[in-house]
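# Structure at a glance
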Amino acid sequence: FLRTLSTGELSFQDKVSSSDLAMVSSLAISPDGSYLYASSQTSLLTFERHHQTGLLTLISTLRLGKELPTSAGSLDKIRLSAAGYELYAIGSNDHLLSFTRNLVTGILSLREIIANNHDSVEDFSGLKDILLTPDQDLIFVAASSNNLVSQITYAPQKGLLAIPSYGNDISEYPGWI
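### Notes on the overall build of the protein
Along the backbone of the protein there are zero helices and 14 strands. Each helix and strand of the protein, ordered N terminal to C terminal, gives the series β-β-β-β-β-β-β-β-β-β-β-β-β-β. Within the protein, the proportion of its 177 residues that are buried is 42%. A separation of at least 24 residues holds for 36% of the contacts in the protein among residues at least 6 apart in sequence.

See below:
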């Protein structure tokens, strides 16, 4: 949609269609507005956004079973860090996926996975939402099955996530599952 600034009126502009958008569930946009990310039942898609027209061009697709592990399940929720360096996704099989983002191209690269019932993580059952603090030091996840909110810290020197309730030594968490 295109929004008229003076009136706030919306008018249809264009649509993007792709089989990789089946059951699309979440959207995120880069801080500069140049890239849009969409998660779906089967994929995580990156679109480049034209600054003048707003039209989207698909530039990358990460698919479950190819570039992403099927064990994660569908990507139900995505969040981009305030500075745009990282994107986080919640998989329907209680996985938290961490991606690095190339600021120039917008392309995502899978960095790390934290899964429920692996590496001493037992409180991620029923992951529903994710929130990043503006300073990017903390990540919070909501897990409905256990009625809790978990705090996760980010270790920028290693690019990994740590769950404080399971120890503060980041070396205990190999990241890849």
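### Considerations on the pairing of strand 4 (residues 35-39)
It is a general feature of regular strands that their side chains alternate between the two faces of the sheet. Where burial is concerned, most of strand 4 is hidden: five out of the five residues are buried. Examined bridge by bridge, strand 4 and strand 5 (residues 43-49) share five bridges and lie antiparallel to one another. Bridge pairing in strand 5 links tyrosine 35 to glutamate 48. Following strand 4, the chain reverses through three residues before pairing antiparallel with strand 5.

### Focus on the layout of surface pockets
There is about 530 Å³ of room inside the largest pocket. Of all the secondary structure elements, the ones that give two or more residues to the lining of the largest pocket are strand 1 (2-3), strand 3 (26-29), strand 4 and strand 5. At three residues, strand 3 tops the list of elements feeding residues into the lining of the largest pocket. Here the residues of the lining of the largest pocket are counted per class, giving 12 nonpolar, seven polar and four charged.

### A word on the pairing of strand 12 (residues 138-143)
Covered by surrounding structure in strand 12 are Ile139, Val141 and Ala143 only, the residues Leu138, Phe140 and Ala142 on the alternate face being uncovered. With five bridges connecting them, strand 11 (residues 127-132) and strand 12 associate as antiparallel partners. Paired with leucine 132 across the two strands is isoleucine 139, which belongs to strand 12.

### A look at the sheet that holds strand 3
Reading across the sheet, the four strands line up as 3-4-5-6 and stay open at both edges, with antiparallel pairing between neighbours. Unpaired on one side and paired on the other, strand 3 and strand 6 (56-63) mark the two borders of the sheet. Strand-to-strand twist in this sheet, taken as the mean axis angle between neighbours without regard to direction, amounts to 20°. Across four bridges, the pairing between strand 3 and strand 4 is antiparallel. Opposite alanine 28, over in strand 4, you have tyrosine 37 as the bridge partner.

### So, the environment of leucine 132
Of note, leucine 132 is situated in strand 11. For the pair leucine 132 and tyrosine 88, spaced 44 residues apart in sequence, the C-alpha separation works out to 9.1 Å. With near-sequence residues (within four places) excluded, leucine 132 lies in contact with Arg79, Leu80, Ser81, Tyr88, Leu138 and Ile139.

### Overview of the nonpolar core
Formed by 17 residues in total, the largest nonpolar core has its most connected members in Tyr37, Leu44, Leu87 and Phe99. Looking at this core, the elements that each hand over two or more residues are strand 4, strand 7 (75-80), strand 8 (86-91), strand 9 (95-101) and strand 10 (108-115). Here this core gets three residues from one element, more than from any other, and that element is strand 7. In contact with leucine 87, other than residues within four places in its own chain, are Tyr37, Leu44, Ile78, Arg79, Leu80, Leu97, Ser98, Phe99 and Leu108. One finds Tyr88, Leu96, Ile130 and Val141 within the second-largest nonpolar core, a separate group that totals 10 residues.

### A look at the side chain of serine 43
Of note, serine 43 is situated in strand 5. Within the structure, the side chain of serine 43 is placed 3.2 Å from the side chain of aspartate 20, a separation counted as a polar contact. For serine 43, the contacting residues outside a window of four places in its chain are Asp20, Ala38, Thr61, Leu62, Arg63 and Leu75.

Criteria and thresholds
- Residues numbered from 1 in each chain as written.
- Predicted model: local features only at pLDDT ≥ 70, side-chain atom pairs only at ≥ 80, totals over all residues.
- Heavy atoms only, no water.
- Helix = DSSP H or I, 4+ residues; strand = E, 2+ residues; numbered from the N terminus.
- Buried < 20%, exposed > 50% of the residue type's maximum accessible area, 1.4 Å probe, protein only.
- Contact = heavy atoms within 4.5 Å.
- Pairing = 2+ DSSP bridges.
- 1 Å grid on protein atoms, 1.4 Å probe; cavity = no way out; pocket = protein on both sides within 12 Å on 5 of 7 lines; lining within 4 Å.
- Points joined across faces, edges and corners; volume = space filled by probe spheres on them.
- Nonpolar A, V, L, I, M, F, W, Y, C, P; charged D, E, K, R; others polar.
- Axes fitted to C-alpha atoms, helices over the stretch in contact; angles between N-to-C directions.
- Core = buried A, V, L, I, M, F, W, Y, C linked by side-chain atoms within 4.5 Å.
- Polar contact = N/O pair within 3.5 Å; in protein donor to acceptor, adjacent residues only side chain to side chain.

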